[in-house]
Amino acid sequence: MMTRRPSRAALIAAKICIHLTALSWVGYYYFLAITDQLGSDPVKGIIHFTGMSALNMLLLTLAVSPLARNFNLPWLLGFRRLLGLYVFFFACLHLLNFILFELQLDFSLFIDEVIERPYITLGMLAFVILTALAITSFRHLKRKMGRHWQTLHNLIYAAVILVVIHFYWSVKSDITEPVIYILLIIGLLLFRRQKLSYYLRRKVARISQQ
Amino acid sequence: MLIKVKDKSSVIVDGRRRYMTESDVTDESVYQQRRQLLRGLGFIGASTLLWTNGIVGSGKARADTFKTQDLDFAKSNAQTVPDALTPEAKVISHNNFYEFGSQKHQPAENAQSFRVNPWSLKVGGEVEKPFTLDYEQLFSQFVIEERIYRLRCVEAWSMVIPWLGFELGKLIKRAQPTSKARYVAFKTLYDPEQMPGQRSRLVGGGIDYPYVEGLRIDEAMNPLTLLSVGLYGKTLPPQNGAPVRLVVPWKYGFKSIKSIVEIQLTEKQPPTTWNILAPHEYGFYANVNPEVDHPRWSQASERRITKGGLFTRNRIKTQMFNGYGEQVADLYRDMDLSKNY
């Protein structure tokens, strides 16, 4: 099957659109939160907004390669890094909001929370992974790292699992939404079952050799 | 916590100076108008990509807002706190009332057509003289007074609310408890037709309804314990528990059960809803206690919901018994509060 690759100009225009949409939404929500118009508790509002945005962006990023493969749209892969970096961007804002506005720079409380609250521990672990992936997203680093790059970036699957458990544990009792996300993520991971089972089997084989 | 107005532009909160922001002085009606405007614009559709749950303007316009009525009441100088009040608009739009949805903005949206009249509040159990109050009697049988209390939610946020109501103890005395009466059990209305959270477990957060709560009788008879029928000078809006709710200011908010239809004096400790749902997280006593953390978060401090946006420094230390230790600490003097949380 032949598909026409969009022109370079069209791809750039699409990327600019993604930037403008994402950044103006972020700006709009921060405007509402700063002026006390984002619900009765703007701190909770902005933390939830940035966290959910990070999770949604992560799902979008993970949807890119199955879409590209199954619909024969290889040019879609050109958006994956950009979307992935937006995951990191929203995760940074989410963490910053938590420290600046929720804990209000009480760093001893922050350390306690990270150590003592399992859902925050998981969230921080996911953030460490996302940071590593963002730092190694530059092209020349990717070339330098060779096959190690792919091994490192496979940690995105660990990150998505950590993130969704972080979400699940953070809600008080209404788990409908986290459960919907868990099902979506299982769906996205099923597209990669061969790759994932290959990696898992190789891990097991290596451990049993030792 | 003390807030003193130091000069025109700064206030001291918890010993730290902060400057008043525009939102500190934004008039209540302007605030409401802005919210209305946002609601009118119906901002949600385009935001769904970034965030699936809009807080802002959740689309449902409140055309048929529940009508509250002005109440006559006696101003009580005895029960007040020096803290700044939480604006009325926030008190009536940030609610945990899972019967109308488990997100904070949902009760205000889903409860507006709730019927409070006729109402029937049954008082019975281990008493000599059981009785029932109808809607009118809720407001006419006892002297209504104003009590300004802190409300500390177990989720680590808090408000300061001017309640209207009467002491629960006065109502209990009228029923003449027998010598067997050691606890007081409360029950919220069960009406799935009116309460979407009771119709669907998905809306109601997986709770088994009706919502039930309980107090030890000495807690119930404490003069701080209030049966509230109003706030901010008017009858209660449904999202705040109309027409009658409990207010126990030294306990976490979930103890203060809403829209009560039954008060039973009992011999045994009654079951309580959140304790049934997650006994390791929510105890029967649920006294505000900065030293006993929730398994998933710290209770040492809280964020006070007041006027102001993101940059308001509203994190304050949580006080033992929510600052009401003088009146209630004696009730628990021989108890290990880390076990009886």
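Conventions adopted
Residues numbered from 1 in each chain as written. Chains lettered and ligands numbered in written order. Predicted model: local features only at pLDDT ≥ 70, side-chain atom pairs only at ≥ 80, totals over all residues. Heavy atoms only, no water. UniProt positions renumbered as here; feature names shortened; annotations may be inferred. Helix = DSSP H or I, 4+ residues; strand = E, 2+ residues; numbered from the N terminus. Pairing = 2+ DSSP bridges. Axes fitted to C-alpha atoms, helices over the stretch in contact; angles between N-to-C directions. Contact = heavy atoms within 4.5 Å. Buried < 20%, exposed > 50% of the residue type's maximum accessible area, 1.4 Å probe, protein only. Buried area = accessible area lost by both parts, 1.4 Å probe. Salt bridge = Lys/Arg side-chain N within 4 Å of Asp/Glu carboxyl O. Polar contact = N/O pair within 3.5 Å; in protein donor to acceptor, adjacent residues only side chain to side chain.

S.K.: Is there a simple way to think about the UniProt feature "domain: Ferric oxidoreductase" (unreviewed entry) in chain A in this case?
M.R.: Following the UniProt record, the feature "domain: Ferric oxidoreductase" (unreviewed entry) maps to residues 52-164 of chain A here. The span residues 52-164 of chain A shows a helical share of 83% and a strand share of 0%, and its end C-alpha atoms are spaced 10 Å apart.

S.K.: What's the story with the sheet that holds strand β14 (residues 260-266) of chain B in this structure? I'm lost.
M.R.: Sheet strands associate in pairs through backbone hydrogen bonding, adopting either a parallel or an antiparallel arrangement. All names here are of chain B. If you walk across this open sheet you meet the five strands as β6-β5-β14-β9-β10, and the pairing is mixed. Since the sheet does not close on itself, it has two edges, and those belong to β6 (131-134) and β10 (212-216), each with one partner. Across the sheet, the mean angle separating the axes of adjacent strands is 15° when strand polarity is ignored. With four bridges joining them, strand β5 (residues 120-125) and β14 adopt parallel strand pairing. Residue pairing for β14: V123 is matched across the bridge by I263. Packing against the sheet, helix α5 (residues 168-175) makes contact with β5, β6, β9 (183-188), β10 and β14, and its axis sits at approximately 135° to β6.

S.K.: Got a minute to help me understand the UniProt feature "binding site: Mo-molybdopterin" (unreviewed entry) in chain B in this structure?
M.R.: Residues and elements named next belong to chain B. What UniProt calls "binding site: Mo-molybdopterin" (unreviewed entry) maps, in this numbering, to N95, Y98, E99, C153, T188, N240, R245, S256, I257 and K258. Mapped onto the elements of the fold, T188 is located in strand β9. Classification of T188 as buried rests on a relative accessible area of 1%. When near neighbours in sequence (up to four residues on either side) are disregarded, S256 contacts R245, L246, V247 and V248.

S.K.: I keep staring at the interface of chain B and chain A and nothing clicks. Help me out?
M.R.: Interface size is commonly expressed as the accessible area that is lost once the parts come together. Contacts between the two partners involve 49 residues from chain B, matched on the other side by 47 residues from chain A. Both faces considered, chain B and chain A share a buried interface measuring about 4100 Å² in area, 54% of it formed by carbon and sulfur atoms. Across the chain B-chain A interface, the total number found is five salt bridges. When the shortest N-O distance is used, the salt bridge between R117(A) and D293(B) registers 3.0 Å. On the surface where chain B and chain A come into contact, there are 17 residue pairs in polar contact (both at pLDDT 80 or more). Of all the secondary structure elements, the ones that give two or more residues to the side of chain B that touches chain A are α1 (28-41), α2 (88-91), α8 (273-277) and β15 (301-304) of chain B.

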